[in-house]
Amino acid sequence: MTTNENKFQQIISHAKEYGFVFQSSEIYDGLSAVYDYGPYGSELKKNLRDYWWKSMTQMHENIVGIDAAIFMHPTTWKASGHVDNFSDPMIDNRDSNKRYRVDHLIEGLADKLNDEGKTEEAENLIAEMEQLLGAEDYTGLKDLIISNNIVCSVSGTANWTDIRQFNLMFSTQLGSVTEEADTIYLRPETAQGIFVNFLNVQKTSRMRIPFGIAQIGKAFRNEIVARQFIFRMREFEQMEMQFFVRPGTEGEWYRYWKEARLQWHLSLGISPKKYRYHDHVKLAHYAKEACDIEFEFPMGFKEVEGIHSRSDFDLTQHQLYSKKKMQYFDNDVNPATGKPFGNYIPYVVETSIGLDRMFLLILSESYEEEILTKEDGSTDTRAILHIPAKIAPVKLAILPLVKKDGLPEIARKVMDECKQHFRCFYEEKDAIGKRYRRQDAIGTPFCVTIDHQTKEDDTVTIRYRDSMLQERIPASKVREIVLNNIL
Ligand code: GAP
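The present account deals with the structure reproduced in this document. (Residues numbered from 1 in each chain as written. Predicted model: local features only at pLDDT ≥ 70, side-chain atom pairs only at ≥ 80, totals over all residues. Heavy atoms only, no water.)

### Points about the overall build of the protein
Step number 1: Broken down by element type, the protein carries 16 helices and 23 strands.
Step number 2: If one aligns the C-alpha atoms of the protein with their principal axes, the spans along those axes are about 75 × 65 × 55 Å.
Step number 3: Evaluated residue by residue, the protein yields a buried proportion of 50% over its 487 residues.
Step number 4: Residue pairs in contact within the protein that sit at least 24 positions apart in sequence constitute 65% of those at least 6 positions apart.
Step number 5: A total accessible area of about 23600 Å² is found for the protein, and carbon and sulfur atoms account for 48% of it.
Step number 6: Separation between the mean location of the 61 positive side-chain charges and that of the 73 negative ones in the protein comes to 4 Å. (Helix = DSSP H or I, 4+ residues; strand = E, 2+ residues; numbered from the N terminus. Buried < 20%, exposed > 50% of the residue type's maximum accessible area, 1.4 Å probe, protein only. Contact = heavy atoms within 4.5 Å. Areas by Shrake-Rupley, 256 points an atom, 1.4 Å probe, with all protein chains shown as cover. Lys, Arg positive; Asp, Glu negative; His and termini not counted. Charge placed at Lys NZ, Arg CZ, Asp CG, Glu CD.)

What follows is the structure, given as structure tokens:
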């Protein structure tokens, strides 16, 4: 196992041990690529969701939110192109019957070449794959797999079938009587709920172009090769924003959002070195220009967010299939003609980030196993999550040194002063060192200890997670210090 694989495994174990992420239906041996979030995981996920929502809606006067249903009229997916095009090229190994996504199979070899220091070979391989994917040349892709001696990890053979496309949408039946039932889909992206509501939202919120609609919600994809923990799931959550612009201005807005979204990531204090853009060669069926924001996960640089210039594709398609006008009347004066721009179907620039993938990014970035040298020379390890304070699941732990002498009563008073403002955690049990370690492991940025001196001078000890520094401060200052660091 490489060091990076080790780190990834440690993160997965840590996430389970400390109540962040559990395998779904674990008592029944789990369900592949479906996960549940535990007490601290659900807090962290909520904080990430709120951080994104606030940055989009509260910080932009021209972006409003919606919460559309997961089920949509089946024609939606015909119009959007998902019924016909939302598929991945797959290949099966005849000996093991194991199915692979073609790009994953080839990327697996590229990762191996990179690990061996053969970066140029890896880059050439990826470039050739992208060119073949772009041309939908499946014979060429199969030749690429064979000529590079890529074998199945189970059978070890290269006995491959031809490459075929598989649709990723889950379908189900609407209505209780099967014969009368209509096939509907679990949405594979949240974006379509925004498109079909475009005019409802524009009119009711009196928005004028350029404006955006933001949404957070579940999406479902029958990923054939679902792997790497919560990186690729079958049920996941997206945070998407569609920005509606005047045709001809989409290029500048695409560049604006490409930069703005990277800045959002950096606002969490993550090093820019951990990020890079990947401009798409093979464009999705709706895209005019597209890029991914990639993050350096323990398993290498991978997509965390997509920025797509979707042209007027979606609205035009919905107008065509629904026979309802999707036009906007722009009464701003066109300087070229001296007349209003008039009716048109807006162009769209989309930002789309996976909440679960962002969650994994935060765990990957913040997890550390620190080796501490004790006074006697022996060593100890401290598992710590350096989660940015503003999104940490618990902001403050309140710890009376002992369970007697009136200390719990004082600690409860501090708790009462703080708990309305941010998430606190109260604990009396175990030695103080042990309690600090547990808070480090869940990423709590501040701990305060109430001891006998508190009774004399009303001061407490505040301990900072990352530096482990401790200082004495008035008990009345605790709330203010924490608030100053989380807003
Ligand atoms: N509306 C555009 C769209 O859905 P996408 O690139 O397919 O674009 C956007 O998905 C984001 O959703 C990705 O960057 C990723 O963060 C997340 N995502 C996609 N599939 C996922 C999966 N199977 N599991 C977890 N996150 C996923």
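On we go from here.
### Description of the sheet that holds strand S19 (residues 396–400)
Step number 1: The strand order across the open sheet built from 5 strands is S20-S19-S21-S22-S23, with neighbouring strands paired in mixed fashion. The sheet terminates laterally at strand S20 (424–426) and strand S23 (470–474), the two strands that pair on one side only. Mean inter-strand twist for the sheet, computed between neighbouring axes without regard to direction, equals 25°.
Step number 2: Taken together, the 5 bridges between strand S22 (residues 459–464) and S23 define a ladder with antiparallel strand orientation. Each bridged residue has a counterpart across the sheet, and for Val460 the counterpart in S23 is Ile473. (Pairing = 2+ DSSP bridges. Axes fitted to C-alpha atoms, helices over the stretch in contact; angles between N-to-C directions.)

### A short note on the nonpolar core
Step number 1: Phe20 and Ile362 are the most contacted members of the largest nonpolar core, which has 58 residues in total.
Step number 2: If you tally residues by element for this core, the top one is helix H12 (residues 355–366), at 7 residues.
Step number 3: Within the second largest apolar cluster, 22 residues are counted, among which are Leu407, Phe422, Tyr426 and Ile486. (Core = buried A, V, L, I, M, F, W, Y, C linked by side-chain atoms within 4.5 Å.)

### Overview of the packing of helix H2 (residues 39–58) against H12
Step number 1: Contact geometry for H2 and H12: axes closest at 10 Å, N-to-C directions at 110°. Between H2 and H12, the interaxial angle falls into the category roughly perpendicular. Taken as a pair, H2 and H12 cross one another with a handedness that is right-handed. Contacts from Gly41, Leu44, Lys45, Leu48 and Arg49 in H2 reach Leu355, Asp356, Met358, Phe359, Ile362 and Leu363 in H12. (Parallel < 35°, antiparallel > 145°, perpendicular 65-115°, else oblique. Left-handed = near helix turned anticlockwise from the far one by under 90°.)

### Thoughts on the site of the ligand
Step number 1: By nearness alone, 21 residues border the ligand, and Glu189, Arg221, Met233, Glu240 and Glu303 come closest of all.
Step number 2: At 2.5 Å, a side-chain N or O of Glu240 approaches a nitrogen atom of the ligand.
Step number 3: Between the ligand and Gly354, the relevant distance is 2.9 Å, taken from an oxygen atom to a main-chain nitrogen or oxygen of the residue.
Step number 4: Relative to its free-state accessible area of 560 Å², the ligand is covered by the protein chains to the extent of 93%.
Step number 5: Residue assignment for the shell around the ligand shows that the elements contributing at least two residues are strand S10 (235–245), strand S13 (300–311) and strand S16 (347–354).
Step number 6: No other element matches S13, which puts 6 residues into the shell around the ligand.
Step number 7: Of the residues contributing to the shell around the ligand, the split by class is 6 nonpolar, 5 polar and 10 charged. (Near = heavy atom within 4 Å. Polar contact = N/O pair within 3.5 Å; in protein donor to acceptor, adjacent residues only side chain to side chain. Nonpolar A, V, L, I, M, F, W, Y, C, P; charged D, E, K, R; others polar.)

### Section: the pattern of salt bridges
Step number 1: As enumerated under the stated definition, the model contains 36 salt bridges in all.
Step number 2: Among the ionic pairs, Arg246 bridges to Asp332, the shortest N-O distance being 3.3 Å. Of this pair, Arg246 sits in the loop between S10 and helix H10 (250–266) while Asp332 is found in strand S14 (residues 328–334), placing the two residues 86 residues apart along the sequence.
Step number 3: Judged by its relative accessible area of 28%, Asp332 is partly exposed.
Step number 4: The shortest N-O distance in the salt bridge between Lys288 and Glu250 comes to 2.8 Å. Of the two residues, Lys288 is situated in the loop between strand S11 (275–279) and strand S12 (289–297) and Glu250 in helix H10; the sequence distance between them amounts to 38 residues.
Step number 5: Look at Glu250 and you get buried, because its relative accessible area is 8%. (Salt bridge = Lys/Arg side-chain N within 4 Å of Asp/Glu carboxyl O.)

### Some details on the sheet that holds S12
Step number 1: Spatial strand order, S3-S9-S10-S16-S13-S12-S11: 7 strands in an open sheet with mixed pairing. Each having just a single partner strand, strand S3 (63–66) and S11 make up the two edges of the open sheet. Neighbour to neighbour, the strand axes of the sheet diverge by 25° on average, direction disregarded.

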